[in-house]
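Residues per chain, in single letters:
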Amino acid sequence: MVLGNYKQAVAARSTDPDILRKSQDGGIVTQLFAYALDAGIIDGAIVAGQSDEPFKPEPMVATTREELLAARGTRYSISPNMSLIKEVTRSYGLDKVGVVGTPCQMQALRKGQLYPVGLRDVADKIALAVGIFCMENFPYQGILQLVEDHGATALENVSKLDIGKGKFWIYTERGATVQLPLKVTHKYEQPGCHVCLDYVANLADISTGSVGTPDGWSTVFVRSAKGDDIWAKAIAAGAFETKPIDSVKPGLELVTKLATEKITKNQKYLESRATEYGVGKALRNPYI
Amino acid sequence: MGILESLKALLFGKHDVGGEKQDQKPADKPADVIVEKKASIIKEPKEEKPVADKITVGHVHMSGCTGCLVSFADNYEGLLTILDKYADLVYCLTLADVRHIPEMDVALVEGSVCIQDHIAVEEIIETRKNAKIVVALGACACYGNITRFCRGGQQNQPQHESYLPIGDLIDVDVYIPGCAPTPQQIRNVCVMAYLLLKGNDEQKALAGAYLTPMMNLAKAGTEACGCDIMTQVINQGLCMGCGSCAAACPVRAITMQYGRPQIERDLCIKCGACYAQCPRSFFSFDVVNQYEGIMEAIDAAMQP
Ligand SMILES: Cc1cc2nc3c(=O)[nH]c(=O)nc-3n(C[C@H](O)[C@H](O)[C@H](O)COP(=O)(O)OP(=O)(O)OC[C@H]3O[C@@H](n4cnc5c(N)ncnc54)[C@H](O)[C@@H]3O)c2cc1C
Ligand code: SF4
Ligand code: SF4
Ligand code: SF4
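Right, let's get into the overall build of chain A. Along the backbone of chain A there are eight helices and 11 strands. Taking 19 Å as the expected radius of gyration for a compact globule of 288 residues, we find that chain A reaches 19 Å, a close match to that expectation. Principal-axis analysis of the C-alpha atoms places the extent of chain A at approximately 55 × 50 × 40 Å. Residues counted as buried form 59% of the 288 residues belonging to chain A. Taking the contacts inside chain A whose residues are at least 6 apart along the sequence as the reference set, 66% of them involve residues at least 24 apart. Of the roughly 11,500 Å² of accessible surface on chain A, a fraction of 51% belongs to carbon and sulfur atoms.

Turning next to the packing of aromatic side chains. For the structure shown, the criterion picks out 16 aromatic pairs over all chains. Ring centres 5.9 Å apart and planes at 40° place the aromatic pair Phe133 of chain A and Phe221 of chain A in the tilted group. Residue Phe133 of chain A is located in the loop between β5 (126-132) and α5 (140-150), and its partner Phe221 of chain A is located in strand β10 (residues 218-222); the two are separated by 88 residues in the primary sequence. Residue Phe221 of chain A is classed as buried on the basis of its relative accessible area, which comes to 0%. An aromatic cluster of at least three residues, connected via ring pairs, comprises Tyr6, Phe133, Tyr199 and Phe221 of chain A. The ring of Tyr258 of chain B is capped by Lys56 of chain A, whose NZ or CZ atom sits 4.5 Å from the centre of that ring.

Residue and element names in this part refer to chain B. Relative to strand β9 (residues 260-263), strand β8 (residues 254-257) runs antiparallel, the two sharing four bridges. Looking at β9, one finds that Ile254 is bridged to Ile263. Between β8 and β9, which pair antiparallel in sequence order, lie two residues; one of them, Tyr258, sits at a positive phi of approximately 50°.

On to the packing of helix α7 (residues 183-198) of chain B against helix α13 (residues 291-301) of chain B. Residue and element names in this part refer to chain B. Interhelical geometry of α7 versus α13 gives an angle of 85° and a closest axis separation of 11 Å. Judged on the interaxial angle alone, α13 and α7 are roughly perpendicular. Of α13, the residues touching α7 (which contributes Arg187, Asn188, Val191 and Met192) are Ile294, Ile298 and Ala301. Tallied by class, the residues present in the contact of α7 with α13 amount to five nonpolar, one polar and one charged.

On to the sheet that holds strand β4 (residues 97-101) of chain A, then. Two orientations exist for strands paired in a sheet by backbone hydrogen bonds: parallel and antiparallel. All names here are of chain A. In space, the eight strands of this open sheet follow the order β3-β2-β4-β5-β9-β10-β1-β11, with mixed pairing throughout. Two strands lie at the open edges of the sheet, namely β3 (57-62) and β11 (240-244), each paired on one side alone. Taken over all neighbouring pairs, the strand axes of this sheet differ in orientation by 30° on average, direction set aside. One ladder, built from five bridges, connects strand β1 (residues 8-14) with β10; its direction is antiparallel. Note on β10: the bridge partner recorded for Ala12 is Ser218. Lying over the sheet, helix α2 (residues 28-38) contacts β1, β2 (44-50), β4, β5, β9 (206-209), β10 and β11, oriented at roughly 170° with respect to β5. Along the sheet, helix α7 (residues 225-236) makes contact with β1, β5, β9, β10 and β11, crossing β11 at roughly 110°.

So, on to the interface of chain B and chain A. Each partner contributes residues to the interface: chain B has 69 residues there, and chain A has 57 residues. Between chain B and chain A lies a buried interface of about 5,500 Å² when both sides are counted; carbon and sulfur atoms form 59% of it. Applying the counting criterion to the chain B and chain A interface returns two salt bridges. One salt bridge in this structure joins Arg252 of chain B and Glu87 of chain A, with 3.1 Å as the shortest N-O distance. A class-by-class count of the residues in the side of chain B that touches chain A yields 39 nonpolar, 21 polar and nine charged.

So, about the environment of Glu123 of chain B. Residue and element names in this part refer to chain B. For Glu123, the position within the fold is in helix α5 (residues 118-130). Separated by 62 residues in the primary sequence, Glu123 and His61 have C-alpha atoms spaced 9.4 Å apart. Apart from the residues within four sequence positions on either side, Glu123 is in contact with Met62, Tyr91 and Ile101.

What follows concerns the layout of surface pockets. Of the volumes computed, that of the second largest pocket is approximately 710 Å³. What lines the second largest pocket is a set of 28 residues, and nearest its centre among them are Ala123 and Asp124 of chain A together with Arg187, Met295 and Asp299 of chain B. Looking at the lining of the second largest pocket, the elements with two or more residues in it are α4 (103-114) and α7 of chain A together with α4 (77-86), α7 and α13 of chain B. Taken together, the residues that form the lining of the second largest pocket break down as 10 nonpolar, six polar and 12 charged.

What follows deals with the site of ligand 1. All names here are of chain A. Close to ligand 1 lie 31 residues; Asp25, Thr30, Ala48, Thr74 and Arg75 are nearest. Thr30 places a side-chain nitrogen or oxygen 2.5 Å from an oxygen atom of ligand 1. One of the backbone N or O atoms of Ala48 is found 2.7 Å from an oxygen atom in ligand 1. Examining the composition of the shell around ligand 1, we find that three residues originate from one element, α2, more than from any other.

What follows concerns the side chain of Arg223 of chain A. All names here are of chain A. Along the chain, the position of Arg223 falls in the loop between β10 and α7. In this structure the side chain of Arg223 is engaged in a polar contact, spanning 2.9 Å, whose partner is the backbone oxygen of Leu3. At 3.0 Å, the side chain of Arg223 and the backbone oxygen of Ala201 are in polar contact. Leaving out residues up to four positions away in the same chain, Arg223 has contacts with Leu3, Gly4, Asn5, Tyr6, Lys7, Val200, Ala201, Asn202, Ala204, Asp205 and Ser207.

Moving on to empty space enclosed by the protein. Residue and element names in this part refer to chain B. Here the structure, examined in full by the defined rule, presents six cavities of 30 Å³ or more. Every residue lining the largest cavity is counted, 15 residues in all, and those nearest its centre are Ile55, Val57, Ile82, Ala87 and Cys190. Within the residue set of the lining of the largest cavity, elements represented by two or more residues are β1 (55-61), α4, β2 (87-92), β3 (104-110) and α7. No other element matches α7, which puts five residues into the lining of the largest cavity. Of the residues contributing to the lining of the largest cavity, the split by class is 15 nonpolar, no polar and no charged.

Looking now at the site of ligand 2. Lining the immediate surroundings of ligand 2 are 13 residues, of which Cys104, Cys134, Cys193, Cys196 and Lys262 of chain A lie closest. At the site occupied by ligand 2, the surrounding residues belong to chains A and B.

So, about the sheet that holds strand β7 (residues 167-172) of chain A. All names here are of chain A. Ordered in space as β6-β7-β8, the three strands form an open sheet in which the pairing is antiparallel. Bordering the open sheet on either side are β6 (158-164) and β8 (177-181), each of which pairs with just one other strand. Between one strand axis and the next, the sheet turns through 15° on average, direction left out of account. As paired elements, β6 and β7 share six bridges and run antiparallel to each other. Bridge pairing in β7 places Val158 opposite Thr172.

Conventions we followed
Residues numbered from 1 in each chain as written. Chains lettered and ligands numbered in written order. Predicted model: local features only at pLDDT ≥ 70, side-chain atom pairs only at ≥ 80, totals over all residues. Heavy atoms only, no water. Helix = DSSP H or I, 4+ residues; strand = E, 2+ residues; numbered from the N terminus. Rg over C-alpha atoms; globule rule 2.2 N^0.38 Å. Buried < 20%, exposed > 50% of the residue type's maximum accessible area, 1.4 Å probe, protein only. Contact = heavy atoms within 4.5 Å. Areas by Shrake-Rupley, 256 points an atom, 1.4 Å probe, with all protein chains shown as cover. Phe/Tyr/Trp six-rings, centres within 6.5 Å; stacked < 30°, edge-to-face > 60°. Lys NZ or Arg CZ within 6 Å of the ring centre and 35° of its normal. Pairing = 2+ DSSP bridges. Axes fitted to C-alpha atoms, helices over the stretch in contact; angles between N-to-C directions. Parallel < 35°, antiparallel > 145°, perpendicular 65-115°, else oblique. Nonpolar A, V, L, I, M, F, W, Y, C, P; charged D, E, K, R; others polar. Buried area = accessible area lost by both parts, 1.4 Å probe. Salt bridge = Lys/Arg side-chain N within 4 Å of Asp/Glu carboxyl O. 1 Å grid on protein atoms, 1.4 Å probe; cavity = no way out; pocket = protein on both sides within 12 Å on 5 of 7 lines; lining within 4 Å. Points joined across faces, edges and corners; volume = space filled by probe spheres on them. Near = heavy atom within 4 Å. Polar contact = N/O pair within 3.5 Å; in protein donor to acceptor, adjacent residues only side chain to side chain.

See the structure below:
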């Protein structure tokens with residue numbers, strides 16, 4: 001249940017060394033879109049591209065392999081990818097849209113397809129929604145303070161940020177590595193993440209993250225009928241190398257553990273909002 | 001186990017979700033089961049389709065620009081399917097030659113009500129009396145929208161200056177916000193309203209769950225503004241920066257800055273789309289988890 005519905009779970013990585021060179025994990029997201037673009041399954045994809053400020057993501061529409069590759073890697077800050085979901089079908093002119101997003105963005109997408117209040121002619125143009133696992137996200141200022149104040153590193157010298165193995169990792173262009181205990185990161189999390197009840201993007205067509213598989217590999221859940229079809233075609237085209245998920249360490253056990261921890265903690269917080277913030281008053285609960 | 005139970009309580013426990021059957025639906029069904037089940041849901045009404053089972057629908061035109069009706073018509077052949085299989089259009093000044101508001105199952109009311117126009121006031125009262133379900137179709141009927149800015153003095157009825165959302169005058173059952181509401185949103189509500197009135201128990205439960213948030217909006221009031229995004233989402237610690245609100249805004253009053261919506265309040269026409277689109281205004285796992293099945297069901301229902 002905490003892992004959502006899925007047709008299969010596998011360990012995978014891209015077979016394309018160009019993609020793997022700068023991808024966050026197994027290059028699943030970029031490889032999926034690159035394959036789908038090639039195969040005519042999508043006309044392009046909304047990705048979290050690199051803005052003018054270091055590690056500040058900006059939603060962008062990638063319609064070429066180069067643009068997809070330029071967006072590789074995780075930026076641990078908010079990228080409002082849904083803000084382009086209508087525009088991508090208008091001025092960008094895409095009929096078959098790919099989109100990557102955190103679990104909450106996948107929720108926004110599916111709500112938008114079922115309740116398209118302000119999203120005319122969008123619902124049936126979503127061709128491939130790739131979800132990424134997500135424990136929490138940070139306002140940009142939070143990343144700035146974590147890297148520059150806590151990590152004593154200039155953000156513009158950073159080559160990669162990663163959260164894994166219980167630490168926040170800062171890798172610099174010159175080869176230095178700084179690690180922060182996750183404890184210091186918690187206060188910088190965006191508040192909206194604390195009511196989030198999804199860790200592994202249950203509503204994506206295909207979702208992926210690093211947790212569960214060795215470095216350089218990714219855990220992949222193939223979820224919807226559409227995702228199943230595209231995954232099968234991508235495998236047939238040789239886009240991915242795979243291993244059975246139960247053949248790798250630490251495997252789904254760790255994914256399940258983390259998902260359960262996240263949902264339980266946030267569930268508790270949601271309950272506390274109903275009773276502990278005032279007298280005879282409650283904070284609003286979005287879930288009905 | 002505890003977490004599963006508490007999740008269930010969260011998902012199904014808080015509200016009585018319109019229908020009665022909600023708590024029986026286990027949260028942990030595998031996807032395939034759900035999909036197949038939902039696919040079968042729509043085949044039944046489709047294959048039976050006795051004409052006598054159609055619902056009666058009327059379009060009541062108050063002070064609106066006809067954009068909502070045009071949007072409904074923009075379902076193209078889908079509109080014909082709806083009129084062919086699910087609904088008889090018993091009243092619609094633009095399309096049907098009927099002068100007085102008849103009895104009907106569903107009234108789709110477009111536009112706000114000018115209280116200086118006694119015919120409009122009479123008609124909205126009559127609509128409430130004659131319709132089982134009153135749907136506020138579009139932002140003017142729900143929230144006043146652009147008509148909120150009227151100050152009178154225009155030709156050729158300068159005395160017409162006060163326009164109220166229909167919910168200020170009558171009880172409204174369902175809101176479809178948006179300026180204009182989208183063809184797909186209107187279509188989805190039509191199919192769900194049909195299932196609610198004519199479906200079997202399971203279909204009624206699904207339709208009830210789907211329509212609940214739109215019924216809740218109708219209960220929540222007649223004022224909307226981009227400010228709702230601030231007061232009801234950001235101020236409540238719920239915004240996670242997805243950007244749906246910005247995408248939904250018809251006048252591009254919302255931009256995303258540093259992961260949060262920034263509302264150009266002078267541009268806002270008070271349509272309510274941003275808040276209704278926001279996944280943190282309302283979100284039903286019970287409904288959205290079944291998105292594949294529901295979308296297939298609606299597609300199948302729209303086959304001619
Ligand atoms: C805020 C955040 C928290 C995460 N937490 C976890 C976690 O707890 N456990 C875990 O296993 N994985 C987590 N991930 C996912 C992980 O870091 C990788 O993004 C994922 O494994 C994909 O790697 P890849 O090599 O397949 O993708 P790549 O090929 O490197 O492509 C990454 C894709 O992600 C997109 N992207 C980057 N940043 C963002 C963003 N902020 N918002 C939306 N899309 C973005 C890029 O546009 C790009 O298309 C998190 C990601 C984010 C953004
Ligand atoms: S924790 Fe949830 S709300 Fe926060 S960014 Fe991740 S998916 Fe979104
Ligand atoms: S749609 Fe809601 S959660 Fe998403 S950015 Fe707008 S206010 Fe925040
Ligand atoms: S900000 Fe835009 S979407 Fe929101 S109420 Fe105003 S006009 Fe409508």
